Amino acid sequence: MNNPMLSKMSRTTEAVFSGEAASYSGIAIKSTGLVLIVAASAVITWLTGYATPTTTMVTAVMGLITALIVSFKPGTAGLLAPLYAILEGMCLACLSVTVAFISPYILVNAVMLTFGIAIAAGLVYARGLVTVNSKFMRITMIALTGVVLTYIAEMVLGFFGIHFPMLHDGGIVAIAIELVIIGVATLCLFMDYELINRSVQEGLPKDYEWYCAFSLLVTLIWLYVEILDLLRMLSGRD
């Protein structure tokens, strides 16, 4: 699973300055391109029969390493963001195949809900109904840290045979926790939009568009995975 904190790294001056400044259209084009790469990678992985547990593990680890590099070295986003999109597309294909056995409609609904939330959050942010100030960021980061620590604890303890079935068993507690995580991911979308807005308003170099697009992609993928898991649990309660 992707580390959701990767898209929340503070702005840095390491970006390589070019003669042109970042623009909303440039970020939109790059974001769309990355999403299309994810979709193409997922479809190809699925159709060629490489959507296996091994592929999931390998691409998840490689995707995490790639994302860490981009997060700490934003200047590499132009080169590594497309690679990250390919890796995550392969990983998502593997996760989606498992859920598709339950109901193929879950996948369609998960995609629609993901983009629906992203668009709604964008409209809310654009209208100024939510102000991403220091208080907003502090609250979001506290919630985000709690989610990340839960992921880490679950992963580490899993190596010792200790699991948390209440997080994934489809019960009321699991569904409630999943809704909270989706809520946190939505808050992170507002932080991504703020990053994009500041990048353009402050005239950061055009190369930084790739980092903004990468940051948004990380959150969208995280949101999709959580929504997919929620729909899986709800489907199991029918």
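The shown structure was predicted, so the numbers you read here are calculated from the model rather than taken from an experiment.

Asks: Where do I start with helix α6 (residues 172-201) in this structure?
Replies: In an α-helix, one turn spans 3.6 residues; hence positions three or four apart end up facing the same way. Along its 30 residues, α6 runs 44 Å from first to last C-alpha, staying within 8% of the 44 Å computed at 1.5 Å per residue. A positive backbone phi angle near 65° is found at Gly203, which sits one or two residues after α6.

Asks: Explanation requested: the layout of surface pockets in the structure shown.
Replies: The rolling of a water-molecule-sized probe over the atoms marks out the regions of remaining empty space. Looking at the second largest pocket, its volume works out to about 410 Å³. Along the wall of the second largest pocket there are 17 residues; nearest its centre are Val38, Ala39, Leu92, Val111 and Tyr224. Every element with two or more residues in the lining of the second largest pocket is listed here: α1 (24-47), α3 (77-100), α4 (104-126) and α7 (208-236). In terms of residue count, the dominant contributor to the lining of the second largest pocket is α1 (six residues). Looking at side-chain class alone, the lining of the second largest pocket contains 15 nonpolar, two polar and no charged residues.

Asks: Even after reading the chapter, I still don't get the packing of α4 against α6, so can you show me in this structure?
Replies: Working note: a packed helix pair is described by the angle between its axes plus the distance between those axes. Taken N-terminus to C-terminus, the directions of α4 and α6 make an angle of 50°; their axes are 10 Å apart at the nearest point. The orientation of α4 with respect to α6, classified from their angle, is oblique. Crossing geometry of α4 relative to α6 is assigned as right-handed. The segment α4 lies against α6, with Ile117, Ala118, Ala121, Gly122, Val124 and Tyr125 engaging Ile182, Thr186, Leu189, Phe190, Tyr193, Glu194 and Asn197.

Parameters and conventions
- Residues numbered from 1 in each chain as written.
- Predicted model: local features only at pLDDT ≥ 70, side-chain atom pairs only at ≥ 80, totals over all residues.
- Heavy atoms only, no water.
- Helix = DSSP H or I, 4+ residues; strand = E, 2+ residues; numbered from the N terminus.
- Expected span 1.5 Å × (residues − 1).
- 1 Å grid on protein atoms, 1.4 Å probe; cavity = no way out; pocket = protein on both sides within 12 Å on 5 of 7 lines; lining within 4 Å.
- Points joined across faces, edges and corners; volume = space filled by probe spheres on them.
- Nonpolar A, V, L, I, M, F, W, Y, C, P; charged D, E, K, R; others polar.
- Axes fitted to C-alpha atoms, helices over the stretch in contact; angles between N-to-C directions.
- Parallel < 35°, antiparallel > 145°, perpendicular 65-115°, else oblique.
- Left-handed = near helix turned anticlockwise from the far one by under 90°.
- Contact = heavy atoms within 4.5 Å.

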